[in-house]
Amino acid sequence: MRVSHVVGCAVALALAGATLIGAPRQGDMDKAVEGGGVFVPGWTGAVDGQGLTLKDAKFVKEGDAFHVTTGPATTYWNTANKASGDYTVKATFTEPHYMNLNPSHPHPYGIVIAGNDMDGAGRTYLYCAAYGNGNFIVRGFGPEAFQMTGRRGGASDAVHKAAGVGQPVTQDIAFSVKGDNASCSINGTVVATYSKADLVTAGKLKSLDGIYGLRFAHNVEVLVKGLALTK
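My aim in this report is to walk through the structure given alongside it, one point at a time. It should be emphasised that the depicted structure is a prediction, and the values quoted were computed from it without experimental measurement.

1. Here we look at the overall build of the protein chain
If you tally the helices and strands in the protein chain, you get two helices and 16 strands. Going through the 231 residues of the protein chain one by one, you find that 45% of them count as buried. Across the protein chain, the fraction of contacts at a sequence separation of at least 24, relative to all contacts at a separation of at least 6, is 63%. Approximately 11,600 Å² of the protein chain is accessible, and the part contributed by carbon and sulfur atoms is 54%.

2. A few points about the side chain of Ser185
With respect to the helices and strands, Ser185 occurs in strand S13 (residues 181-186). A residue is classified by how much of its surface remains accessible, and Ser185, at 15% relative accessible area, is buried. When residues no more than four places from it in sequence are discounted, the contact partners of Ser185 are Asp172, Ile173, Ala174, Val190 and Val191.

3. Overview of the packing of aromatic side chains
All told, the structure shown has eight aromatic pairs when counted by the stated rule. Relative to Phe216, the ring of Tyr76 has its centre 6.1 Å away and its plane inclined at 65°; by these criteria the two rings are edge-to-face. Separated by 140 residues along the polypeptide, Tyr76 in strand S5 (residues 74-83) and Phe216 in strand S15 (residues 210-216) bring together distant segments of the chain. The same class applies to Tyr76 as to Phe216, namely buried. Ring pairs connect the aromatic residues Trp43, Phe59, Phe66, Tyr76, Phe93, Tyr109 and Phe216, which therefore count as one cluster.

4. Things to note about the nonpolar core
Formed by 47 residues in total, the largest nonpolar core has its most connected members in Phe93 and Phe216. Each residue touching Phe216, except ones within four places of it in the same chain, is listed here: Val68, Thr70, Ala73, Thr74, Tyr76, Phe93, Pro108, Tyr109, Val222 and Val224.

5. Details of the pattern of salt bridges
This structure, assessed with the given rule, holds three salt bridges. Two residues, Lys225 and Asp64, come together in a salt bridge whose shortest N-O distance is 3.8 Å. Within this pair, whereas Lys225 is found in strand S16 (residues 220-230), its partner Asp64 is found in the loop between strand S3 (57-62) and strand S4 (65-70), the two being separated by 161 residues in sequence.

Parameters and conventions
Residues numbered from 1 in each chain as written. Predicted model: local features only at pLDDT ≥ 70, side-chain atom pairs only at ≥ 80, totals over all residues. Heavy atoms only, no water. Helix = DSSP H or I, 4+ residues; strand = E, 2+ residues; numbered from the N terminus. Buried < 20%, exposed > 50% of the residue type's maximum accessible area, 1.4 Å probe, protein only. Contact = heavy atoms within 4.5 Å. Areas by Shrake-Rupley, 256 points an atom, 1.4 Å probe, with all protein chains shown as cover. Phe/Tyr/Trp six-rings, centres within 6.5 Å; stacked < 30°, edge-to-face > 60°. Core = buried A, V, L, I, M, F, W, Y, C linked by side-chain atoms within 4.5 Å. Salt bridge = Lys/Arg side-chain N within 4 Å of Asp/Glu carboxyl O.

Take a look at the structure:
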């Protein structure tokens, strides 16, 4: 009986540890935005995970900028915005108050390309996003989410760093497709390049052609200017 008790305690402790490891960090839960929704004609989006909706994030136009505040991690797009062949999609992202909605650690935002079947659960797309601490990340959604830079992304001297929490930081982000390669540039420097063969394959993208848009992690506030497609 004593052996059984010891084994039982060990199993219970292991399960408790697994629960703690898998649980979101305190203070890092999605924080629903009051008065949320998509308020720019022609645009729509999708949130990650279950439980929250587009009404828990906010996408509005203010002058010549999109003003985005999340809630849940959200991808936004306009179905009229499509790119094919060789192209570059670019925009300028400003976090006016770095980490103001999540002061424990930074969250990224960036450009989406290669969006296909965006109106359903089978949507696929790729994005490159910058953090205000000098890091960046390239990820995609296929049948499941996939990482091109690893789970924690990478660092580059090209990515601007905020002077501190609450201070502004701006990133110029561009995602380009040329021939059989897709490259992400941040502030004029290429930070990552991938071959078409590595991206358009089982479990990843359907094509490098498709809808382009914007991607934001949860609990972040960003202004976006100059979203444009060039050939």
